Amino acid sequence: IIHHAIDRHRIKEKLASVTGRLRETNLRLEKMALLDPLTELLNRRGLQQAFSRELQLGSREGYKLLALLLDIDNFKAYNDYYSFSQGDKIIQFVAQSLVSIVKKVEMDGDFVGHIGGDDFIFFSHVENAELIAHAIVQWIESTAPKLYSEQDQKRGGILGKDRDGNQRLFGF
């Protein structure tokens, strides 16, 4: 009888340990399902959940939510010219910068997501959106040229082919 009690106790301990590890793994999987792996921002699925939650909360508390879409101009040309790995670094840099800008406002309900490729979105209370949008534009104007080589900065962009195969200058 004592051996059976000891065995049952060991089994319960092992079961508790396995259950704990499964919970941790499930939490990591849930997080992975909601976040873009490159930027660690909300992906489409995460955005849908967050937006739905904020929309319901805004409806109850009487505030409106605004969405602003952001697309990196000439990203394909940049990616082709400088390399995909450099393009990934730019996507990550933009993501981190957008989060920093939005966090400065420090308002519940403001969040940034990565739709995919070079497309981002942020949701904000209507009162904050203009402030955040201006901060983003200022950041882009001051930062974008620095992401190019010195030669390309002097030229005002990079030379590449457009979708029709014509050589042209792609600005910042």
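Model, not experiment: these values are computed from the prediction.

### A few points about the sheet that holds strand β1 (residues 65-71)
Here comes step 1: Reading across from one edge, β1-β3-β2 is the order of the three strands in this open sheet, with antiparallel pairing throughout. Looking at strand neighbours, the two that pair on one side only are β1 and β2 (111-116), the edges of this open sheet. For this sheet, the mean angle separating the axes of adjacent strands, direction not counted, is 25°.
Here comes step 2: Against the sheet, helix α5 (residues 126-143) makes contact with β1 and β3 (119-125), and its axis sits at roughly 140° relative to β3, the strand it touches most.

### Regarding α5
Here comes step 1: Here α5 contains 18 residues, and its C-alpha end-to-end distance of 26 Å stays within 8% of the 26 Å for a straight helix at 1.5 Å per residue.
Here comes step 2: Listing the buried residues of α5 in full gives Asn128, Ala129, Ile132, Ile136, Trp139 and Thr143. In an axial view of α5, the angular spread of the buried residues amounts to 105°, which keeps them on one side of the axis. Along α5, exposed side chains directed more than 90 degrees from the buried face belong to Glu127, Glu130, Leu131, Gln138 and Glu141.
Here comes step 3: Contacts from the buried residues of α5 go to β1, α4 (84-105) and β3.

### Considering the packing of aromatic side chains
Here comes step 1: A full pass over the atoms with the stated rule returns eight aromatic pairs.
Here comes step 2: Here Phe51 and Phe123 contribute two aromatic rings whose centre-to-centre distance is 4.7 Å and whose plane-to-plane angle is 35°, an arrangement assigned as tilted. Taken together, the residues Phe51 in helix α2 (residues 44-61) and Phe123 in strand β3 connect sequence positions 72 residues apart.
Here comes step 3: The class for Phe123 is buried, based on a relative accessible area of 6%.
Here comes step 4: Pairing Tyr78 with Tyr148 gives two aromatic rings, centres 5.1 Å apart and planes at 85°, and the pair type is edge-to-face. Here the residue Tyr78 occupies a position in helix α3 (residues 75-82), and Tyr148 occupies one in the loop between α5 and α6 (150-155), the gap between them amounting to 70 residues.
Here comes step 5: Given a relative accessible area of 9%, Tyr148 falls into the buried group.
Here comes step 6: Among the aromatic residues, those joined into a cluster by ring pairs are Tyr78, Tyr81, Tyr82, Tyr148 and Phe172.
Here comes step 7: Just above the ring of Phe170 sits the side chain of Arg168; from NZ or CZ to the centre is 4.0 Å.

### Here's the deal with the nonpolar core
Here comes step 1: Formed by 22 residues in total, the largest nonpolar core has its most connected members in Val94, Leu98, Phe120, Phe122 and Ile136.
Here comes step 2: For this core, the elements supplying multiple residues, two or more each, are α3, α4, β3 and α5.
Here comes step 3: Top contributing element to this core by residue count: α4, with seven residues.
Here comes step 4: The contacts of Leu98, once residues within four sequence positions are left out, are Leu70, Val112, Phe120 and Ile136.

### Looking at the environment of Phe93
Here comes step 1: Checked against the element boundaries, Phe93 lands in helix α4.
Here comes step 2: Once the C-alpha coordinates of Phe93 and Thr39 are considered, the two residues, 54 residues apart in sequence, prove to be 8.5 Å apart.
Here comes step 3: Leave out the neighbours within four places in its chain, and Phe93 touches Trp139, Thr143 and Leu147.

### Regarding the packing of α4 against α5
Here comes step 1: α5 packs onto α4 with a crossing angle of 140° between their chain directions and a minimal axis gap of 10 Å. By the criterion of interaxial angle, the relationship of α4 to α5 is oblique. Considering only the axes of α4 and α5, their crossing is right-handed. Contact residues: α4 offers Phe93, Val94, Ser97, Leu98, Ile101, Val102 and Val105, while α5 offers Asn128, Leu131, Ile132, Ala135, Ile136, Trp139 and Thr143.
Here comes step 2: Split into classes, the residues belonging to the contact of α4 with α5 amount to 11 nonpolar, three polar and no charged.

### Quick word on the packing of α3 against α4
Here comes step 1: For the pair α3 and α4, the least separation of the axes is 6 Å and the interaxial angle reads 135°. With respect to α4, the element α3 is oriented oblique. Of the residues in α4, those touching α3 at Phe75, Tyr78, Asn79, Asp80 and Tyr82 are Phe84, Gln86, Gly87, Ile90 and Ile91.
Here comes step 2: Its residues assigned to classes, the contact of α3 with α4 comprises six nonpolar, three polar and one charged.

Parameters and conventions
Residues numbered from 1 in each chain as written. Predicted model: local features only at pLDDT ≥ 70, side-chain atom pairs only at ≥ 80, totals over all residues. Heavy atoms only, no water. Pairing = 2+ DSSP bridges. Helix = DSSP H or I, 4+ residues; strand = E, 2+ residues; numbered from the N terminus. Axes fitted to C-alpha atoms, helices over the stretch in contact; angles between N-to-C directions. Contact = heavy atoms within 4.5 Å. Expected span 1.5 Å × (residues − 1). Buried < 20%, exposed > 50% of the residue type's maximum accessible area, 1.4 Å probe, protein only. Arc of directions from axis to C-beta. Phe/Tyr/Trp six-rings, centres within 6.5 Å; stacked < 30°, edge-to-face > 60°. Lys NZ or Arg CZ within 6 Å of the ring centre and 35° of its normal. Core = buried A, V, L, I, M, F, W, Y, C linked by side-chain atoms within 4.5 Å. Parallel < 35°, antiparallel > 145°, perpendicular 65-115°, else oblique. Left-handed = near helix turned anticlockwise from the far one by under 90°. Nonpolar A, V, L, I, M, F, W, Y, C, P; charged D, E, K, R; others polar.

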